[in-house]
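So you can see what is in the structure, the chains are spelled out below.
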Amino acid sequence: DLDLVFLFEDDAQDAEKIYMRFARRLINWLTATTGSGVLFDVDMRLRPNGESGMLVSSVDSFEKYQKNEDGTGAWLWEHQALTRARYAAGDRDIGDKFEKIRIEILRRERNAGETKAEVLKMRQRMHDGHPNKTELFDVKHDEGGMVDVEFIVQYLVLQYSSKFPQLVNNFGNIKMLEMVSDAGLIPKDLAFEVSAIYRKYRRIQHEFRLNSPSVPVRVPKEEFAEEAQKVRALWSLVFGPSEGQGT
């Protein structure tokens with residue numbers, strides 16, 4: 001699926017209405033039904049104020065929302081989403097301004113305890129939203145799976161980009177594991193092992209998606225016990241042994 005945010009920069013009085021109509025048209029194109037099914041699932045909940053917010057935002061209002069100086073703006077989980085956000089298409093100047101905002105937000109100094117608590121809370125919400133009542137291992141959502149790796153990376157980026165500014169680069173989870181280990185935030189050997197595991201998980205996910213796009217990616221648990229244990233070991237190292245996922 002596609003998680004999208006539409007930004008514009010235009011002083012015309014009716015600019016917001018015009019760009020809102022254009023955004024709706026783009027969504028209709030992206031969600032078109034083809035002979036193989038729906039082209040893309042589009043998710044707009046990351047826009048300012050989520051489902052209750054406007055479909056499009058000016059660059060200025062987006063910046064104000066992300067900075068949250070009045071306490072009515074973005075939550076930390078929305079900053080967490082910025083760790084994996086990138087300019088995709090449109091006006092290059094707006095893309096550059098978005099990237100400047102993103103970097104400024106990610107390089108903020110943060111309270112480690114508060115950041116960790118909020119990331120763990122979001123992980124719990126995702127765990128609760130994807131229950132697995134089978135005896136199989138859910139490669140994406142179960143403890144020791146893909147989401148745990150992604151949350152580890154996102155937490156380290158949020159917490160340490162003020163000290164290691166190179167971490168704001170959105171190079172993907174495998175490269176980011178290498179970068180956080182180079183920064184001395186996690187052991188290199190464990191980072192290497194978890195990178196290989198994440199690559200393996202992703203390959204399996206792609207194979208499943210080619211054949212059954214809507215089916216959860218679940219495999220025999222015993223076949224991935226060692227991989228899941230390695231990911232859980234890194235999780236415990238970063239978040240603490242008492243901070244279990246899904247507890």
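Residues numbered from 1 in each chain as written. Predicted model: local features only at pLDDT ≥ 70, side-chain atom pairs only at ≥ 80, totals over all residues. Heavy atoms only, no water.

A.B. asks: What's the story with the overall build of the chain in this structure? I'm lost.
C.D. replies: When its secondary structure is counted, the chain shows nine helices and eight strands. Projected onto the principal axes, the alpha-carbon positions of the chain cover approximately 60 × 50 × 30 Å. Here the chain, with 247 residues, has 40% of them falling under the buried criterion. Of the roughly 14200 Å² that the chain leaves accessible, carbon and sulfur atoms contribute 50%. (Helix = DSSP H or I, 4+ residues; strand = E, 2+ residues; numbered from the N terminus. Buried < 20%, exposed > 50% of the residue type's maximum accessible area, 1.4 Å probe, protein only. Areas by Shrake-Rupley, 256 points an atom, 1.4 Å probe, with all protein chains shown as cover.)

A.B. asks: Would you take a moment to explain the environment of N170 for this structure?
C.D. replies: Its place among the elements puts N170 in the loop between helix 6 (146-160) and helix 7 (173-182). Residues N170 and R86 lie 84 residues apart in sequence; the distance between their C-alpha atoms is 7.5 Å. Looking at N170, its side chain comes within polar contact range of the main-chain oxygen of R84, at 3.2 Å. Engagement of the side chain of N170 in a polar contact is seen with the backbone oxygen of A85, the distance being 3.4 Å. (Polar contact = N/O pair within 3.5 Å; in protein donor to acceptor, adjacent residues only side chain to side chain.)

A.B. asks: Whenever I open this one, the pattern of salt bridges confuses me. Can you help?
C.D. replies: For side chains bearing opposite charge, pairing can occur when the charged atoms are close. Overall, the coordinates contain 14 salt bridges when judged by the stated rule. For K121, the salt bridge is made with E118, and the minimal N-O distance between the two is 3.3 Å. Highlighted residues: K121 and E118, both in helix 5 (residues 112-129), separated by three residues, approximately one helical turn. Classification of K121 as partly exposed rests on a relative accessible area of 49%. (Salt bridge = Lys/Arg side-chain N within 4 Å of Asp/Glu carboxyl O.)

A.B. asks: How should I be thinking about the packing of helix 8 (residues 188-211) against helix 9 (residues 225-239) in this particular structure?
C.D. replies: For any two helices packed against each other, the geometry comes down to the angle between their axes and how far apart the axes lie. Direction vectors running N to C along helix 8 and helix 9 enclose 130°, while the axes themselves pass 10 Å from each other. Considered as vectors, helix 8 and helix 9 are oriented oblique to each other. In this structure, helix 8 meets helix 9 at a crossing whose hand is left-handed. Contacts between helix 8 and helix 9 involve L190, E193, V194, I197, K200 and Y201 from the former and E227, A228, K230, V231, A233, L234 and L237 from the latter. (Axes fitted to C-alpha atoms, helices over the stretch in contact; angles between N-to-C directions. Parallel < 35°, antiparallel > 145°, perpendicular 65-115°, else oblique. Left-handed = near helix turned anticlockwise from the far one by under 90°. Contact = heavy atoms within 4.5 Å.)

A.B. asks: I keep staring at unusual backbone geometry and nothing clicks. Help me out?
C.D. replies: Peptide bonds are trans in most cases, and residues, glycine excluded, mostly fall at negative phi. We note that N49 has phi near 70°; this positive angle belongs to a residue other than glycine. Within the fold, N49 resides in the loop between strand 5 (42-43) and strand 6 (56-58). Positive phi is not limited to glycine here, since N68 has a value of about 50°. Residue N68 is classed as partly exposed on the basis of its relative accessible area, which comes to 24%.

A.B. asks: Would you mind going over the confidence of the model for the chain with me for this structure?
C.D. replies: The predicted coordinates ought not to be read in detail in places where the model reports low pLDDT. Confidence along the chain averages 93 in pLDDT terms, with 97% of residues attaining 70 or more. Of all helices and strands in the chain, the one with the weakest mean pLDDT is strand 4 (residues 37-38) (82), whereas helix 6 scores best (98). (pLDDT = per-residue confidence, 0-100.)

A.B. asks: How should the environment of Y198 be read in this particular structure?
C.D. replies: Among the structural elements, Y198 can be located in helix 8. Looking at Y198, the relative accessible area reads 5%, which means it is buried. What Y198 contacts, discounting residues up to four positions off in sequence, is M146, V149, E150, N173 and I174.

A.B. asks: Would you mind showing me how to read helix 5 here?
C.D. replies: Along an α-helix, a turn takes 3.6 residues, which lines up residues three or four apart on a common side. With 18 residues, helix 5 should reach 26 Å at 1.5 Å per residue; the first-to-last C-alpha distance of 26 Å fits that figure. Here helix 5 has its buried residues at T115, V119, L120, M122 and R123. Buried residues of helix 5, viewed axially, fall in a sector of 160°; they line one side. Those residues of helix 5 that are exposed and angled more than 90 degrees off the buried face are E114, R125 and D128. Residues of helix 5 that are buried sit in contact with helix 3 (76-82), helix 6 and helix 9. Between a side-chain oxygen at the N-terminus of helix 5 and the backbone nitrogen of G113 the separation is 3.0 Å; the capping residue is N111. (Expected span 1.5 Å × (residues − 1). Arc of directions from axis to C-beta.)

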